[in-house]
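Chain by chain, the residues:
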Amino acid sequence: MKLKWIAVGVALAALSSAASGFDLGKLLEERVNQELNKNKKTPPASTASPATPSAAAPSPAKQKVDINQLGFALFGDYSPEQENRIGKQIAGNLLGAVPLVRDDALQRYVNQVGNWVALQSGSKGVTWRFGVLDTEDINAFAAPGGYVFVTKGLYRLLNNEAELAGVLGHEIAHVTQKHHLKVLKQSSLIGALGQVASSKAKSSDQVVQNLIGNGAEIMARGLDKDAEFEADRVGMVYAARAGYTPWGLPDVLQDLAGLPAKDSRTSLLTQTHPHPADRLATLGEAVGGQLDAVQGKELADRFYRIK
Amino acid sequence: MKRFLIPAAALLLSAAATSALAAAGTVLRDDKLYSQPSAAAAVAGSATKGASVNILAKQGGWLRVSTGKSSGWIRLLSVRAGAGGLGGAGLGDVVGAATTKSDPTRVVAVAGLRGLNNEDLKQAQFNADELARLDAWGVTAAQAKSFAAQSGLAAVSVPALAAPGSSPKSKPAQEPSPWESN
């Protein structure tokens, strides 16, 4: 809730300087109220007043902010194109930190499994890209617009194609559930981000990059634990819908749970994810006996092993 | 030598879906032990949240465990592997490496290496060449479907899982990084 108020403050601050001369204050105020009324509690009318000061608001003086774009960015959905622009920047930055493994057969294989699992999500208009990152660190990443990465370190822990499908399913779920976009929306710069991401100008790539933070910072920040639990539930179902055994992702979580806590390969993973035991327990509450009748393949034979 | 390896591997495969393990584990929730890996099988005992178990075998969504008092099959998601107790609230995972299927020597081999960290990610510069490489490895939906069909994978209807009930039972407050405190 607090974040929302900060966002409102930012919106209003941006409005007061960039949009003076237009009667947009009224428009935004209505939009803000409309949005807030979706929540259980109706806030007091005075809190949406343009007079509300916000210490968190950056100086918007240099930014031209289109009010429709701003309102849209704060409350609406991005188009697949906008999502891809944002995700492409994050993915490109991540690849600046860690290159891809130079193994055509491996990368092709992961794209085939990943696309097949992603097809089960029912999302339209997404161009999915999967890559194995050349690091022994154990982790996986997703960015908006269909970018999914798994590290070589995590890949080495996998025993069959169903486990790979489970891991990719978890990351695909972050994309389909728009978890990273929700984090970005909570950032105070989101209004301008929405504007530049919709711009056709190539030069705005730099602006997108500036606004999503340094490098691939969003990957280091991580998501909240409910987003991770949701991705576990959704990803497990995607893998099962693809014809794999649903137990691939839980098997990987079991292997992660068995790693020593001080393994340096999992330090970033531990910072950005709930403990695997908590993930298993939470997943278990959701699954119960519901998947008892689901049969599926493990495909250990076809699983591509890194030399 | 090679001649012996091949039949040995074939034998392992023919042992089918049940793989033998000998690993420590902790029960994550009160649950039943069954005489077979099926909820339709006879109940062979029970396991209490927090109890230590030995994981003896795995089959699909089931683990065969021994609690000391009894043994039987329990749901895979009712137990965690490793010696770290219940997780965020648990004790150190000091012997964890020995309890996984993964090769413990590998852990030793990389233990001195620094993994990815926040600074690496913050300092990262956009790399257009790597991104182009990524695009080049992409496949189409049609290619993915044909790849799936090669191994007999077919789409299955599986309903979505609802989030666990938002019951107001008090959960212990979570630290931002519960795993760290292990």
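This structure is a prediction, so every number in the text was calculated from the model and none was measured.

### What about the sheet that holds strand β2 (residues 140-143) of chain A?
Residue and element names in this part refer to chain A.
For step 1, the next point in the chain: Strand order in the open sheet formed by 3 strands is β1-β3-β2, and the pairing between neighbours is mixed. Edge positions in the sheet fall to β1 (129-133) and β2, since each of these pairs with one other strand and no more. Neighbouring strand axes in the sheet, compared pairwise and without regard to direction, differ in orientation by 15° on average.
For step 2, the next point in the chain: Here β1 pairs with strand β3 (residues 147-151) via 5 bridges, running parallel. Looking across to β3, one finds that Val132 is bridged to Val150.
For step 3, the next point in the chain: Contacting β1 and β3, helix α5 (residues 104-119) crosses the sheet at an angle of about 135° to β1.

### Quick look at the interface of chain A and chain B
For step 1, the next point in the chain: Each partner contributes residues to the interface: chain A has 79 residues there, and chain B has 75 residues.
For step 2, the next point in the chain: A per-class count over the side of chain A that touches chain B returns 33 nonpolar, 28 polar and 18 charged.

### Here we look at the environment of His180(A)
All names here are of chain A.
For step 1, the next point in the chain: When you line up the elements, His180 lands in helix α8 (residues 179-185).
For step 2, the next point in the chain: In this structure, the C-alpha to C-alpha distance between His180 and Ala143, residues 37 residues apart in sequence, is 6.8 Å.
For step 3, the next point in the chain: Residues in contact with His180, not counting those within four places in the same chain, are Ala142, Ala143, Pro144, His174 and Ile218.

### Quick look at the pairing of strand β5 (residues 62-66) of chain B
Residue and element names in this part refer to chain B.
For step 1, the next point in the chain: Most of β5 is tucked away: 4 of the 5 residues are buried.
For step 2, the next point in the chain: Inspection of the sheet shows strand β4 (residues 52-59) paired to β5 by 5 bridges, in the antiparallel sense. Bridge pairing in β5 links Ala57 to Arg64.
For step 3, the next point in the chain: Hairpin connection between β5 and strand β6 (residues 71-75): a loop of 4 residues separates the two successive antiparallel strands, and Gly68 in this loop has a positive phi of roughly 100°.

### What about the confidence of the model for chain B?
Detailed reading of the predicted coordinates is not advisable wherever pLDDT is low.
For step 1, the next point in the chain: In the predicted model, chain B carries a mean pLDDT of 75, and 66% of its residues have values of at least 70.
For step 2, the next point in the chain: The ipTM assigned to the predicted complex is 0.73, against a pTM of 0.74.

### Comments concerning unusual backbone geometry
Residue and element names in this part refer to chain A.
For step 1, the next point in the chain: Not every positive phi belongs to a glycine, and Lys178 is a case in point at roughly 55°.
For step 2, the next point in the chain: Mapped onto the fold, Lys178 is located in the loop between α7 (161-176) and α8.
For step 3, the next point in the chain: Accessibility expressed as a C-beta count within 10 Å gives 16 for Lys178, which makes it partly exposed.
For step 4, the next point in the chain: Unusually for a residue other than glycine, Leu299 sits at a positive phi of about 50°.
For step 5, the next point in the chain: Relative to the elements of secondary structure, Leu299 occurs in the segment after α15 (276-287).

What counts and how
- Residues numbered from 1 in each chain as written.
- Chains lettered and ligands numbered in written order.
- Predicted model: local features only at pLDDT ≥ 70, side-chain atom pairs only at ≥ 80, totals over all residues.
- Pairing = 2+ DSSP bridges.
- Helix = DSSP H or I, 4+ residues; strand = E, 2+ residues; numbered from the N terminus.
- Axes fitted to C-alpha atoms, helices over the stretch in contact; angles between N-to-C directions.
- Contact = placed C-beta atoms within 7 Å.
- Nonpolar A, V, L, I, M, F, W, Y, C, P; charged D, E, K, R; others polar.
- Buried ≥ 20, exposed ≤ 12 C-beta atoms within 10 Å, placed from the backbone.
- pLDDT = per-residue confidence, 0-100.

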